[in-house]
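Listed below, chain by chain, are the residues.
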Amino acid sequence: MKMRNIAVIGAGAAGLVAAYTAAANGNSVTVFEKNEKCGKKIYLTGKGRCNVTHDCAPDEFLANVVSNSKFLTSSIYNFSPEKCVRFFKDGGLNLKLERGARYFPVTDKASDVTRCLENYCKNSGVKFKFNEKVVNLTILQSTMSGIITEKGSYNFDAVIVCTGGISYPSTGSTGDGFKFAEYAGHNIVPLKQGLCGLNISGNYYLQMQGLSLKNVRLSIYNGGKFLREFFGEMLFTHFGISGPIALSASSLINRFDLNNVILSLDLKPALSTEQLDKRILRDFEQYKNKSISNCLKELLPAAIIDEMLKRSGILPEKKVNSVTKEDRARLIAVIKNFEMRVKSLRDFSEAIITAGGVDVKEINPKTMESKLIKGLYFCGEVLDVDAFTGGFNLQIAFSTGFAAGNSIKD
């Protein structure tokens, strides 16, 4: 077997898996990382706990991919969530399954995920060059020949670009990979914020700031057409909404004209309209001499009641015994369909991932190799692939990194 000399640019999730896999195939691998250590963005994931992957079969996984799921089919099947869990276990890191089918390290430390990947690399002979920024590629006759860093130039037979997007630039994700891709002749699909909070029109959310809702359903409509719904947790903030289901919604709508988007929040998805009406009537019977705003505290969080009543056209001080059937119907309609309009997405500095990137039409989906430049590969967030929250995006990084590293062999 011929040993090839391979450079991996970026020591994040995709880069570390690509480096290890390529080295395990008998290649000489060097990782170039402009930071002082590996996995800076991994440390931030899952609030420092790292949601490694999602417990699901490949087909279900692909249903949670927002952009270019078909492109990912081969890589996700070849390095599936199940194989990913086994990979970490074999590397000495046990994972635990939590609510929402999300896998985390048993230790609850994202740093242990990075350490496991580093150990895989080091045990396979991967070399690391930290604090060394790559500034360009060297391409001769449509074939990779090396890289240029701030410290010098190097010759390589293949280069794997795993530089991430432009989200959380403090971690080193400053768009370097997009510049390399453009230099190589690749098209870059416009970049959008993914998995970010949403700025909501109006100012009603200010009175709800800090309110965390659990087990609610958020439905997304574009131009009146239903797109998808998300179930789980949502948070009202000083700018609008955040939390898992809002983050996923952002990735669904970030390429749409937001003027056409409506979000519909169901605060009581477990109850039908009829069941909710009966529940309200029971509360009314118990508090028949009180105002409706006081009565609803049994059913709804206090911070949202005034806005609910305003939208229902019911005065907060109205006594329960004078609330009409029509009043109740309007109130129920608002509880089941609390509409919000999106003004804008939060900034890239707050976005968990970057949507858009290297056009996958120009990338081999089985190997992640460029169709334009022989020996040039792209993995992870630098590609125009992204998914909802829940460990899906890290799995994409692992799977595409594995596809690239595993393909470089004789």
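Structure: above.
Source: prediction; values computed, not measured.

J.: Report on the overall build of the protein, specifying residues and quantitative values.
T.: When helices and strands are counted, the protein shows twelve helices and 21 strands. Looking at the protein residue by residue over its 410 residues, the buried ones come to 56%. By sequence separation, contacts in the protein at least 24 residues apart represent 72% of the contacts at least 6 residues apart. On the protein, roughly 17600 Å² of surface is accessible, and the fraction owed to carbon and sulfur atoms is 48%. Computing the positive centroid from 52 side-chain charges and the negative centroid from 40, the protein places the two 2 Å apart.

J.: Pulling in residues and values, what's your account of unusual backbone geometry?
T.: A positive phi angle, close to 60 degrees, is found at A101, a residue other than glycine. For A101, a relative accessible area of 25% gives the class partly exposed. For S142, which is not a glycine, the phi torsion comes out positive at approximately 60 degrees. Position of S142 relative to the elements: it lies in the loop between β8 (134-140) and β9 (143-149). In this structure S142 comes out as partly exposed when scored by relative accessible area, which is 44%.

J.: How would you explain the sheet that holds β8 if you had to name every residue and give the values?
T.: A sheet is described by the order of its strands in space; here three strands give the open sequence β8-β9-β10, paired in antiparallel fashion. Single-partner strands in this sheet number two, and they are β8 and β10 (152-155). The sheet shows a mean angle of 25 degrees between the axes of neighbouring strands, direction not considered.

J.: Please provide a residue-by-residue account of helix α12 (residues 392-407), values included.
T.: The end-to-end C-alpha distance of α12 is 22 Å, a good match for the 22 Å that 16 residues give at a rise of 1.5 Å each. Across the 16 residues that make up α12, a large majority, 13, are buried.

J.: Describe the pairing of β8, listing the residues and the values that go with them.
T.: Here six bridges tie β8 to β9, and the two strands are oriented antiparallel to one another. Within β9, the position partnered with L140 by the bridge is T143. In this antiparallel pair of consecutive strands, β8 and β9, the connection spans two residues, and Q141 shows a positive phi of 50 degrees.

J.: I'd like to hear about the packing of aromatic side chains, residue by residue, with values.
T.: Across all of its chains, the model carries 16 aromatic pairs by this definition. Both rings, one in F32 and one in F156, keep their centres 5.9 Å apart while their planes meet at 85 degrees; by these two values the pair is edge-to-face. You can see F32 sitting in strand β2 (residues 28-33) and its partner F156 sitting in the loop between β10 and β11 (158-161), a full 124 residues away along the chain. Across the pair, exposure class does not vary: F32 and F156 are buried alike. When the ring of F61 is compared with that of F392, the centres are 5.2 Å apart and the planes differ by 65 degrees; the resulting orientation is edge-to-face. Remark: F392 occurs in helix α12 and F61 occurs in helix α2 (residues 58-63); sequence separation between them is 331 residues. For F61, a relative accessible area of 0% translates into the label buried. By the ring-pair criterion, three or more aromatic residues cluster together here, those being Y20, F79, F87, F88, Y120, F398 and F402. Directly above the ring of F338 sits R311, whose terminal nitrogen or CZ lies 3.8 Å from the centroid.

J.: I'd like a description of the sheet that holds strand β5 (residues 95-98), backed by residues and values.
T.: Across a sheet, paired strands are connected by hydrogen bonds in the backbone, their directions being either parallel or antiparallel. Ordered by their spatial adjacency, three strands build an open sheet running β3-β6-β5, and the pairing between neighbours is antiparallel. At either margin of the open sheet sits one strand with a lone partner, and together these are β3 (53-54) and β5. As judged from the two bridges shared by β3 and strand β6 (residues 102-105), these two strands associate in the antiparallel manner. Bridge assignment links H54 to a residue of β6, and that residue is R102.

Conventions adopted
- Residues numbered from 1 in each chain as written.
- Predicted model: local features only at pLDDT ≥ 70, side-chain atom pairs only at ≥ 80, totals over all residues.
- Heavy atoms only, no water.
- Helix = DSSP H or I, 4+ residues; strand = E, 2+ residues; numbered from the N terminus.
- Buried < 20%, exposed > 50% of the residue type's maximum accessible area, 1.4 Å probe, protein only.
- Contact = heavy atoms within 4.5 Å.
- Areas by Shrake-Rupley, 256 points an atom, 1.4 Å probe, with all protein chains shown as cover.
- Lys, Arg positive; Asp, Glu negative; His and termini not counted.
- Charge placed at Lys NZ, Arg CZ, Asp CG, Glu CD.
- Pairing = 2+ DSSP bridges.
- Axes fitted to C-alpha atoms, helices over the stretch in contact; angles between N-to-C directions.
- Expected span 1.5 Å × (residues − 1).
- Phe/Tyr/Trp six-rings, centres within 6.5 Å; stacked < 30°, edge-to-face > 60°.
- Lys NZ or Arg CZ within 6 Å of the ring centre and 35° of its normal.

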